[in-house]
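Analysis of the macromolecular model
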Amino acid sequence: MSKPIVLIAEELSPATVEALGPDFEVRNVDGTDRAALLAELATADAILVRSATQVDAEAIAAAPKLKVVARAGVGLDNVDIKAATAAGVMVVNAPTSNIISAAELAIGQLFALARFIPDANASLKAGEWKRSKFTGVEFFEKTIGIVGLGRIGALVAQRLAGFGVELIGYDPYITPARAEQIGVRLATLEEVMKQSDFITIHIPKTPETTGLIGAKEFKLAKPNLRIVNCSRGGIIDETDLYEALKSGQIAGAGLDVFVHEPPIGNPLLTLENIVVTPHLGASTDEAQEKAGISVAKSVRLALAGDLVPDAVNVAGGNIDASVKPGISLMENMGQILFGLSDGNVKAIEVEVRGEIAAHDVSVLKLAGLKGFFQNAVTEQVSYVNAPLLAEARGVDVKLVVDAHSDEYRNVTSIKATLADGTTASVSGTVIGPKHHQKIVNINGYDVELAVAEHMVQMVYTDRPGIVAIYGKAFAEAGINIAAMQIARQQKGGKALSVITVDSKVDNAVLEQVRQAIEADVLRAIDINM
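The rules behind the values
- Residues numbered from 1 in each chain as written.
- Predicted model: local features only at pLDDT ≥ 70, side-chain atom pairs only at ≥ 80, totals over all residues.
- Heavy atoms only, no water.
- Helix = DSSP H or I, 4+ residues; strand = E, 2+ residues; numbered from the N terminus.
- Rg over C-alpha atoms; globule rule 2.2 N^0.38 Å.
- Buried < 20%, exposed > 50% of the residue type's maximum accessible area, 1.4 Å probe, protein only.
- Contact = heavy atoms within 4.5 Å.
- Areas by Shrake-Rupley, 256 points an atom, 1.4 Å probe, with all protein chains shown as cover.
- Lys, Arg positive; Asp, Glu negative; His and termini not counted.
- Charge placed at Lys NZ, Arg CZ, Asp CG, Glu CD.
- Right-handed = clockwise from strand over helix to strand, strands pointing away.
- Pairing = 2+ DSSP bridges.
- Phe/Tyr/Trp six-rings, centres within 6.5 Å; stacked < 30°, edge-to-face > 60°.
- Axes fitted to C-alpha atoms, helices over the stretch in contact; angles between N-to-C directions.
- Parallel < 35°, antiparallel > 145°, perpendicular 65-115°, else oblique.
- Left-handed = near helix turned anticlockwise from the far one by under 90°.
- Nonpolar A, V, L, I, M, F, W, Y, C, P; charged D, E, K, R; others polar.
- Core = buried A, V, L, I, M, F, W, Y, C linked by side-chain atoms within 4.5 Å.
- Salt bridge = Lys/Arg side-chain N within 4 Å of Asp/Glu carboxyl O.
- Patch = residues over 30% accessible without salt bridge, like charges linked within 9 Å, V, L, I, M, F, W, Y side chains within 5 Å.
- Expected span 1.5 Å × (residues − 1).

**Considering the overall build of the chain**
Each helix and strand counted, the chain has 17 helices and 22 strands in total. Relative to its length of 529 residues, the chain is compact, with a C-alpha radius of gyration of 25 Å against a globular reference of 24 Å. Across its three principal directions, the C-alpha atoms of the chain cover 80 × 70 × 45 Å. Expressed as a percentage of the 529 residues in the chain, the buried residues total 50%. Taking all contacts inside the chain whose residues are at least 6 apart in sequence as the whole, residues at least 24 apart take part in 64%. Per element, the accessible surface of the chain, about 23800 Å² overall, is 51% carbon and sulfur. Side chains of the chain carry 48 positive and 63 negative charges; the gap between the two charge centres is 2 Å.

So, in structure tokens, the structure goes:
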């Protein structure tokens, strides 16, 4: 028998090939040479890339034998995940390979700003000796704000603790107990902006976090504030940052990431009080080697048919056929639960009832956690790091399995206990030969609704005319309602209305509807399907 062909499309560490072992035929190609890449993909079982090779729909279509695409790094901007999923091709990456490197770079940026290291270096090399020009500040007894206390933010906090600083942090998805464990006092974003001498950012870029820090926040800051962003470009509004730096409203900034990369023509590059680096978060020998070894191991698992913890789209491995359809459902329900709970939870329980309880269903717990944390953290969430993310945030996780199910052959649920002691929950099932995903309960209300990309949840006092009110408001906003379910537990009590819509609903429309129907709860829940 011929060996499976593993195509390496970019330069990877020698340890990567060693980790693959002797069971594969390893071929090399220049991934930026499009014609050569497509030709080699015709016989490839797996491909390993970094960031330069575009594994798009065309490339996947040219690879009929392809089983796995492995990105030796964190980002997956160069891989068409939807096309890969549609073709049954697994996509894996190395989500934790660069967390230490990213944390250390952020600290390096802070030091560079505090002591003018880049400018002093350039000045001395230019033949100048201007010591007084580069008088800096100490870290000792300063207040450092950390925006985002996930794995990288926690590493930064642990490393800064030894400098005699006060650490404050903003992260709506972490419990106070976990923050205390890592030596950080939780605060609001406004408090972080007002009190900090330094700020470092470690959060994902989402619609909610894009432009999180802008003119309004800079007005709250001390004039000696130095702010660093080594997470994702656009979390700091670049135009507002330019004005704050140019006017002296804040003292300095350090950026490793930009809205557009490379940042050609970006006016920020013309300022003296900014330190910039070309997205170097993962650019260390150690991170690159960890990434290569990690994805090589994932390729071995994928081609052997085993469960691949770092798969970002489909779960492979020895999972019973009756369990597999529930994996995608649980990921989607995890995302819905995140929306229902606003992410601030202290415990998550996954419950599996019915015939599939006779099999190993632990992957469903992982899928639920993966979905829940997908929009809460900077790093790519996978089956291997989702439990670690829960642990890092002090979230207790439990799996309950019961062969008895009253109404459905199989039903799965995921429930969160929030920081204030209240709960949020969602239950679902998979129906028919095409595995249609149905939500059957939300927060104790029985419903039957297909899982959709855009949903709106409303809780209000049951009374006539409510549907007409919100139906009119959505229609006037050009939002089409695709499906609707209304449930109540008693006449005249609280009613739950869940609708699926064809497009995202903006906050202004939601607020208009909330006021019109006097809703106790009204929120949009958007998921990546």
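**Concerning the pairing of strand β1 (residues 5–8)**
A two-sided burial pattern is seen for β1, the buried positions comprising I5 and L7 on one face and V6 and I8 on the other. A crossover connection joins β1 to the parallel strand β2 (residues 25–28) through helix α1 (residues 14–20); in handedness this β-α-β unit is right-handed. As defined by bridge partners, β1 adjoins strand β3 (residues 46–49) across three bridges and the pair is classed as parallel. Looking at the pairing, V6 lines up with A46 of β3.

**Overview of the packing of aromatic side chains**
Throughout the structure, instances matching the rule amount to nine aromatic pairs. Where F139 meets F163, the ring centres are 5.8 Å apart and the plane angle is 70 degrees; that geometry is what we call edge-to-face. Of this pair, F139 sits in the loop between α6 (117–125) and β6 (143–147) while F163 is found in the loop between α7 (151–160) and β7 (166–170), placing the two residues 24 residues apart along the sequence. Residues F338 and F372 carry aromatic rings whose centres are separated by 5.5 Å and whose planes lie at 75 degrees to one another, so their mutual orientation is edge-to-face. Highlighted residues: F338 in helix α13 (residues 325–341) and F372 in helix α14 (residues 362–373), separated in sequence by 34 residues. Each member of the aromatic cluster is reached from another via a ring pair, and the members are F111, F139, F163 and F198.

**Observations concerning the packing of helix α16 (residues 466–476) against helix α17 (residues 507–517)**
Running from N to C, α16 and α17 point in directions that differ by 160 degrees, and their axes come no closer than 10 Å. On the basis of their axis angle, the class for α16 and α17 is roughly antiparallel. The crossing of α16 and α17 is right-handed. Contacts between α16 and α17 pair I466, I469, Y470, A473, F474 and E476 from the former with V509, Q512, V513, A516 and I517 from the latter. Residue classes in the contact of α16 with α17 are distributed as nine nonpolar, one polar and one charged.

**As for the pairing of β3**
A two-sided burial pattern is seen for β3, the buried positions comprising A46 and L48 on one face and I47 and V49 on the other. Where β3 lies against strand β4 (residues 68–71), four bridges are found, and the strand directions are parallel. Paired with L48 across the strands is A70, a residue of β4.

**Some words on the nonpolar core**
Judged by nonpolar contacts, the single largest core of 50 residues is most densely connected at I336, L364, F373, I414, V426, I439 and I442. If we skip the residues at most four places from it in the chain, I414 touches M330, M333, G334, L337, I348, E349, V350, G368, A424, S425 and V426. Counting residues in hydrophobic clusters, the runner-up holds 29 residues, among them I152, L167, I182 and V184.

**Observations regarding the pattern of salt bridges**
Using the criterion set out here, one finds 20 salt bridges in the structure. The salt bridge involving E25 is made with R27; its shortest N-O contact spans 2.9 Å. When the shortest N-O distance is used, the salt bridge between R409 and E355 registers 3.6 Å. In this pair, R409 is assigned in the loop between β14 (396–402) and β15 (410–418) and E355 in the loop between β13 (345–354) and α14, connecting sequence segments 54 residues apart. Grouping residues by exposure puts R409 and E355 together as exposed.

**Observations regarding a negative patch on the surface**
Taken together, E18, E104, D285, E286 and E289 make up a surface patch of like negative charges. Broken down by element, the negative patch gets its largest block of residues, three residues, from helix α12 (residues 285–304). Residue E286 is classed as exposed on the basis of its relative accessible area, which comes to 54%.

**With respect to the environment of L37**
Looking at where L37 falls in the secondary structure, it is placed in helix α2 (residues 34–41). Residue L37 is classed as buried on the basis of its relative accessible area of 0%. Counting along the chain gives 221 residues from L37 to F258, while the straight-line C-alpha distance between them is 29 Å. The contact partners of L37, leaving out residues within four places of it in the chain, are L7, A9, V29, G31, I47, T53 and Q54.

**Section: the environment of L303**
Assignment of secondary structure puts L303 in helix α12. Each C-alpha atom of the pair L303 and V440 lies 36 Å from the other, and the pair is 137 residues apart in sequence. Not counting residues up to four positions away in its chain, the partners in contact with L303 are P4, V6, F24, D45, A46, K67 and V68.

**Regarding α14**
Over its twelve residues, α14 extends 17 Å from the first C-alpha to the last, a length consistent with the 16 Å expected when each residue adds 1.5 Å. Where burial is concerned, most of α14 is hidden: ten out of the twelve residues are buried. Residues V363, L364, L366, A367, G368, L369, K370, G371, F372 and F373 constitute the buried set of α14. Buried residues belonging to α14 abut α13, β13, α15 (386–392), β14 and β15.

**Some details on the sheet that holds β14**
The strand order across the open sheet built from six strands is β14-β13-β15-β16-β17-β18, with neighbouring strands paired in mixed fashion. Every interior strand has two partners, whereas the edge strands, β14 and β18 (445–450), have only one. The average angle at which neighbouring strand axes cross in this sheet is 20 degrees, direction not considered. Strand direction decides the pairing type here: β13 and β15, joined by nine bridges, are antiparallel. Across the sheet, the residue bridging to A347 is T417, located in β15. Across the sheet, α13 is in contact with β13, β15, β16 (423–431) and β17 (436–442); its angle to β16 comes to roughly 155 degrees. In the packing of α14 onto the sheet, contacts are made with β13, β14 and β15, and the angle to β13 comes to roughly 140 degrees.

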